[in-house]
Amino acid sequence: MHYEDDAMTETLIDRTIAESTGRSIEYLKNTPLDELRANAEKKRGGPLKFVSLFPWIGRGNMMRDHLVSHEEAVAAYDDAIRRLPK
Amino acid sequence: MTTQSEDSQSSDEYPQSFASLVGLYYDKYKPLYSRIQTFNEMPVELVFEVAAAWDHLSRHWRFNESESDCIDKAARHIKRAVFDAYKLLLKQTVDEYEELNRINTSLIDNGHFDKQLRLLMSEIRDGSVQARTSEGDTAGADGWNKAFTLWGNVYQKMEKFHKDFYINPNIEWARRKTSMFSWKLRGEGFVIGFTTSLLATYLVYLCCS
């Protein structure tokens, strides 16, 4: 089932996403998630995997055996950023 | 709740109705989610944010909580999910950059490739730091949009890095050259080591005899 959106306008970010995924932004917005998932699985040749990328993203109070403070999460992120050239 | 026809609010403004919250989801979150989906590895943290947003929304009907409060809380979760998606793409960029660092890319285009690469990565680094520090700013329409705009600019550069540098056709050539150079160095090291030890043995033999 697809949804109509007359007010849909394409931004520069939309165009970049469309280019990198090889699909039009209308398709990406209008296609149900299960269909997008099936496309990715077919293209990658395997089932979708669920991973945890904490502390890059997310919050410390979910599925953790201890709380990770905001400062610790920010420090981990900063550490990764430091690997990029100044 | 208002419907889409009753509400013409753009997704660039802070959502104050269900329709504009849906606009935020479709215009900002779903395209990025689709991009992340192409990895075929879905971070649970991204899914949790949308689940949390849905939970807040449902409370308006289930527990008669204020519509504006529920929309406000849900919007914050969707916003967080959008920024998380940008951070995932940044992580991919950092990983790809580190992979390029293991190759002697100075061989490409007389060093111009390296120079441009470092310049772009420096812009990505500065841009992402600036975007991240603006994430908490929700004061007014400008505050709401600031981090979206900054992350959007960083995203353009990350895709430019992937397209122009990471999958640059010259990378494979440089990879082969780096590999050949590395074997040549090892060969030279072996020959020098072997010759030196031969000479040392001979000198010891001369001294002792």
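Residues numbered from 1 in each chain as written. Chains lettered and ligands numbered in written order. Predicted model: local features only at pLDDT ≥ 70, side-chain atom pairs only at ≥ 80, totals over all residues.

**A closer look at the overall build of chain A**
Next up, step 1: Assigned secondary structure in chain A consists of 4 helices and 1 strand.
Next up, step 2: Secondary structure elements in chain A, listed N-terminal to C-terminal, are α-α-α-β-α.
Next up, step 3: For chain A, with 86 residues in total, the buried portion stands at 13%. (Helix = DSSP H or I, 4+ residues; strand = E, 2+ residues; numbered from the N terminus. Buried ≥ 20, exposed ≤ 12 C-beta atoms within 10 Å, placed from the backbone.)

**Comments concerning the nonpolar core**
Grouped burial of nonpolar side chains is what soluble globular proteins tend to show.
Residue and element names in this part refer to chain B.
Next up, step 1: Counting residues in hydrophobic clusters, the biggest one holds 46 residues, and the most contacted among them are Ile78, Ala85, Tyr86 and Trp151.
Next up, step 2: Broken down by element, the residue count for this core peaks at 15 residues, all from helix α3 (residues 67-101).
Next up, step 3: Once residues lying within four places of it in the same chain are set aside, the contact partners of Tyr86 are Trp151, Val154 and Tyr155. (Core = buried A, V, L, I, M, F, W, Y, C linked by C-beta atoms within 7 Å. Contact = placed C-beta atoms within 7 Å.)

**Remarks on the interface of chain B and chain A**
Note on interface size: it is often stated as the accessible area lost on association of the parts.
Next up, step 1: Between chain B and chain A, the residue contacts involve 34 residues of the former and 34 residues of the latter.
Next up, step 2: Those elements giving two or more residues to the side of chain B that touches chain A turn out to be α1 (18-37), β1 (41-43), α2 (44-62), α3, α4 (112-134) and α5 (140-166) of chain B.
Next up, step 3: Tallied by class, the residues present in the side of chain B that touches chain A amount to 15 nonpolar, 8 polar and 11 charged.
Next up, step 4: Two strands pair when backbone bridges link them, and strand β1 (residues 49-51) of chain A and β1 of chain B are joined in this way by 3 bridges, in the parallel orientation. Bridge pairing in β1 of chain B places Lys49 of chain A opposite Glu41 of chain B. (Nonpolar A, V, L, I, M, F, W, Y, C, P; charged D, E, K, R; others polar. Pairing = 2+ DSSP bridges.)

**Digging into the environment of Asp142 of chain B**
Residues and elements named next belong to chain B.
Next up, step 1: Note on placement: Asp142 falls in helix α5.
Next up, step 2: Asp142 sits in the exposed class, given 9 other C-beta atoms within 10 Å.
Next up, step 3: Between the C-alpha atoms of Asp142 and Tyr14, which are 128 residues apart in sequence, the distance is 9.5 Å.

**Considerations on the packing of α1 of chain B against α3 of chain B**
All names here are of chain B.
Next up, step 1: Remark: α1 packs on α3, axes separated minimally by 10 Å, with the N-to-C direction vectors making an angle of 20°. Overall, the two elements α1 and α3 adopt an arrangement that is roughly parallel. Here α1 and α3 pass one another in a crossing that is left-handed. Contacts between α1 and α3 involve Phe18, Leu21, Leu24, Tyr25, Lys28, Tyr29, Leu32, Tyr33, Arg35 and Ile36 on the former and, on the latter, Ile71, Ala74, Ala75, Ile78, Ala81, Val82, Ala85, Leu88 and Leu89.
Next up, step 2: Grouping the amino acids of the contact of α1 with α3 by side-chain chemistry returns 17 nonpolar, no polar and 2 charged. (Axes fitted to C-alpha atoms, helices over the stretch in contact; angles between N-to-C directions. Parallel < 35°, antiparallel > 145°, perpendicular 65-115°, else oblique. Left-handed = near helix turned anticlockwise from the far one by under 90°.)

**What about unusual backbone geometry?**
Residue and element names in this part refer to chain B.
Next up, step 1: In the Ramachandran plot, Asn64 falls in the positive-phi region, its phi being about 60° despite a non-glycine side chain.
Next up, step 2: Locating Asn64 in the fold gives a position in the loop between α2 and α3.
Next up, step 3: In this structure Asn64 comes out as exposed when scored by C-beta crowding, with 8 C-beta atoms within 10 Å.
Next up, step 4: In the Ramachandran plot, Asp109 falls in the positive-phi region, its phi being about 55° despite a non-glycine side chain.

**A few points about the packing of helix α1 (residues 12-21) of chain A against α1 of chain B**
Between two packed helices, both the angle of their axes relative to each other and the distance between the axes serve to describe the pair.
Next up, step 1: Remark: α1 of chain A packs on α1 of chain B, axes separated minimally by 10 Å, with the N-to-C direction vectors making an angle of 20°. On the basis of their axis angle, the class for α1 of chain A and α1 of chain B is roughly parallel. As for the relative orientation of α1 of chain A and α1 of chain B, their crossing is left-handed in sense. Residues Asp14, Ile17, Ser20 and Thr21 of chain A of α1 of chain A touch α1 of chain B, and the partners they reach there are Pro31, Leu32, Ser34 and Arg35 of chain B.
Next up, step 2: The class makeup of the residues in the contact of α1 of chain A with α1 of chain B is 3 nonpolar, 3 polar and 2 charged.

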